[in-house]
Amino acid sequence: MSGLPFSGKTTLSKSLAEHLGVPRVSFDETWLEIEKEKGKITGSDGVEQWRYICKMCEEKAQKFLESGTSVVYDNLGSSKKHRDEIKRLADEAGAESKVIYIDVPKEEVARRRERNLYVKERAQVSDENFDTALRQFETPTEDENFLAYRPTEEIGVWLEREFGNRSKTERE
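About the thresholds
- The residue count restarts for each chain, going from 1 along the sequence in the order it is written.
- In view of the model being predicted, local features appear only for residues whose pLDDT reaches at least 70, and side-chain atom pairs are presented and counted only at 80 or more, with totals across whole chains, interfaces and linings using the full set of residues.
- No hydrogens and no water enter the side-chain calculation; it runs on all heavy atoms of the structure.
- Runs of E in the DSSP output that reach at least two residues are strands. Runs of H or I that reach at least four are helices, and both are numbered from the N terminus.
- The globule rule used here is 2.2 Å times the number of residues to the 0.38 power, and the radius of gyration it is set against is calculated over C-alpha atoms.
- Exposed residues in this analysis have more than 50% of their type's maximum accessible area, buried residues have under 20%, and partly exposed residues fall in between, with area computed by a 1.4 Å probe over protein chains only.
- Whether two residues are in contact is decided by their heavy atoms, any of which lying within 4.5 Å being enough.
- Using the Shrake-Rupley algorithm and a 1.4 Å probe, accessible areas are obtained, with residue cover drawn only from the displayed protein chains.
- For the charge count, each Lys or Arg is scored as positive and each Asp or Glu as negative, with His and the chain ends excluded.
- Charge placement uses NZ in Lys and CZ in Arg. For Asp and Glu, CG and CD serve respectively.
- Per-residue confidence from the predictor is reported as pLDDT, which spans 0 to 100.
- What is meant by a nonpolar core is a set of buried Ala, Val, Leu, Ile, Met, Phe, Trp, Tyr and Cys residues, joined one to another through side-chain atoms within 4.5 Å.
- The aromatic pairing rule takes the rings of Phe, Tyr and Trp, using the six-membered ring of Trp, and pairs them if the centres are within 6.5 Å, calling planes under 30 degrees apart stacked, those over 60 edge-to-face and the rest tilted.
- The way it works is a 1 Å grid over only the protein atoms, where trapped points that fit a 1.4 Å probe form a cavity and open points with protein on both sides within 12 Å along at least five of seven lines form a pocket, and then any residue with an atom within 4 Å of a point lines it.
- Grid points are joined across faces, edges and corners, and a volume is the space filled by probe spheres set on the points.
- Residue polarity follows a fixed list, in which Ala, Val, Leu, Ile, Met, Phe, Trp, Tyr, Cys and Pro are nonpolar, Asp, Glu, Lys and Arg are charged, and the others, Gly among them, are polar.
- Note on definitions: angles span 0 to 180 degrees between N-to-C directions of axes, and those axes are lines fitted to C-alpha atoms, for helices only across the stretch in contact.
- Throughout, the term roughly parallel applies to angles under 35 degrees, roughly antiparallel to angles over 145, roughly perpendicular to angles from 65 to 115, and oblique to all others.
- By convention the crossing between two helices is left-handed if the near helix lies anticlockwise of the far one by an angle smaller than a right angle, and right-handed if it lies clockwise.

Visitor: Is there a simple way to explain the overall build of the protein chain in this structure?
Guide: Looking only at helices and strands, the protein chain has eight helices and four strands in total. Secondary structure of the protein chain in N-to-C order comes out as α-β-α-α-β-α-β-α-α-β-α-α. Whereas a compact globule of 172 residues would reach a radius of gyration of roughly 16 Å, the protein chain reaches 16 Å, a difference of no more than 12%. In terms of principal-axis extent, the alpha carbons of the protein chain reach across some 45 × 35 × 30 Å. The burial tally for the protein chain puts 37% of its 172 residues in the buried class. Put simply, 71% of the contacts in the protein chain that link residues at least 6 apart link residues at least 24 apart. When the accessible surface of the protein chain is summed, it comes to about 10,600 Å², and 49% of that surface belongs to carbon and sulfur atoms. Computing the positive centroid from 29 side-chain charges and the negative centroid from 35, the protein chain places the two 2 Å apart.

So, in structure tokens, the structure goes:
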């Protein structure tokens, strides 16, 4: 997954994993699990903690891939370098990787973040981290062979168009 904070990566990744009948590895959920289990995240600052959680997620994803199981990896995918690292991980396991880019304008994610202050649907992102994410985000490029999802389209319609009709009963 690739997209700004509050773009809808988690919503789409859950729907995609269900549509394909594959497990999902989530950066946000892994962070919360480790924090609950250990009380705090390893690392002296936010960058080290981010790297630690990425490493944990990549290890989870790698185990699935090495067992021959496809996986949806829900993370920011904010830089080409990070997306290339995930592609390399898949390549090493003999799996194909696909970047799913959630194409939402910066103004819209800012509105969603503001709304979240009141509805608290998800963990809030600090002003500093949010501004950094907006400033440093690198939109996927053509050479990354990505699929773009725009929230103006109904998720089920998009999934069927891009991945075919893979209902649970058809997979069983």
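Moving on, there is more to tell.
Visitor: I tried to follow the confidence of the model for the protein chain on my own but got confused; where do I start?
Guide: Regions with low pLDDT carry predicted coordinates that are not meant to be interpreted in detail. Averaged over every residue, the pLDDT of the protein chain is 90; the share at 70 or more is 96%. This model gives residues 167–172 a pLDDT under 50, and the stretch forms six contacts once residues within four places in sequence are excluded.

Visitor: Explain the side chain of Asn-116 to me, please; I cannot follow it from the model alone.
Guide: Checked against the element boundaries, Asn-116 lands in helix H5 (residues 106–119). Not counting residues within four places of it along the chain, the set of residues in contact with Asn-116 comprises Phe-6, Glu-121, Arg-122, Ala-123 and Gln-124.

Visitor: Explain the nonpolar core to me, please; I cannot follow it from the model alone.
Guide: Residues Leu-12, Ile-100, Ile-102, Val-109 and Trp-158 are the most contacted members of the largest nonpolar core, which totals 24 residues. Residue assignment for this core shows that the elements contributing at least two residues are helix H1 (9–20), strand S3 (100–102), helix H6 (127–136), strand S4 (147–149) and helix H7 (155–163). Apart from the residues lying within four places of it in its own chain, the contact partners of Ile-102 are Met-1, Ser-2, Gly-3, Ser-7, Gly-8, Lys-9, Leu-12 and Tyr-149. Counting 16 residues, the second-largest nonpolar core is a separate cluster that includes Tyr-52, Cys-54, Val-71 and Ile-86.

Visitor: I keep staring at the packing of aromatic side chains and nothing clicks. Help me out?
Guide: Both the distance between ring centres and the angle between the ring planes are used here to describe each pair of aromatic rings. Within the structure shown, the criterion is met by six aromatic pairs. On the numbers, 6.0 Å between centres and 45° between planes, the contact of Phe-27 with Trp-31 is tilted. Linking Phe-27 with Trp-31, this pair stays in helix H2 (residues 27–38), spanning four residues, or about one helical turn. The buried category is assigned to Phe-27, whose relative accessible area is 10%. According to the relative accessible area criterion, Trp-31 is partly exposed, its value standing at 21%. Plain terms: the ring middles of Tyr-101 and Phe-137 are 6.1 Å apart, the flat faces sit at 20° to each other, and that makes the pair stacked.

Visitor: Looking at this structure, I do not really get the layout of surface pockets. What am I missing?
Guide: One way to see where empty space is left: roll a probe the size of a water molecule over the atoms. The volume enclosed by the second largest pocket comes to roughly 850 Å³. Forming the walls of the second largest pocket are 33 residues, and the residues nearest its centre are Val-71, Glu-96, Ser-97, Lys-98 and Val-99. Secondary-structure elements contributing two or more residues to the lining of the second largest pocket are H1, helix H3 (46–66), strand S2 (72–74) and helix H4 (80–92). With nine residues, H4 is the single largest residue contributor to the lining of the second largest pocket. Here the lining of the second largest pocket is built from residues that sort into 16 nonpolar, seven polar and ten charged.

Visitor: Before we go on, may I ask you to explain the packing of H1 against H7 in this structure?
Guide: When two helices pack together, their arrangement is captured by the angle between the axes and the distance separating the axes. Running from amino to carboxyl end, H1 crosses H7 at an angle of 50°, the nearest separation of the two axes being 11 Å. Overall, the two elements H1 and H7 adopt an arrangement that is oblique. For the pair H1 and H7, the sense of crossing is right-handed. Taking contact as the criterion, the partners of Thr-11, Leu-12, Ser-15, Leu-16, His-19 and Leu-20 in H1 are, on H7, Ile-155, Trp-158, Leu-159, Glu-160 and Phe-163.

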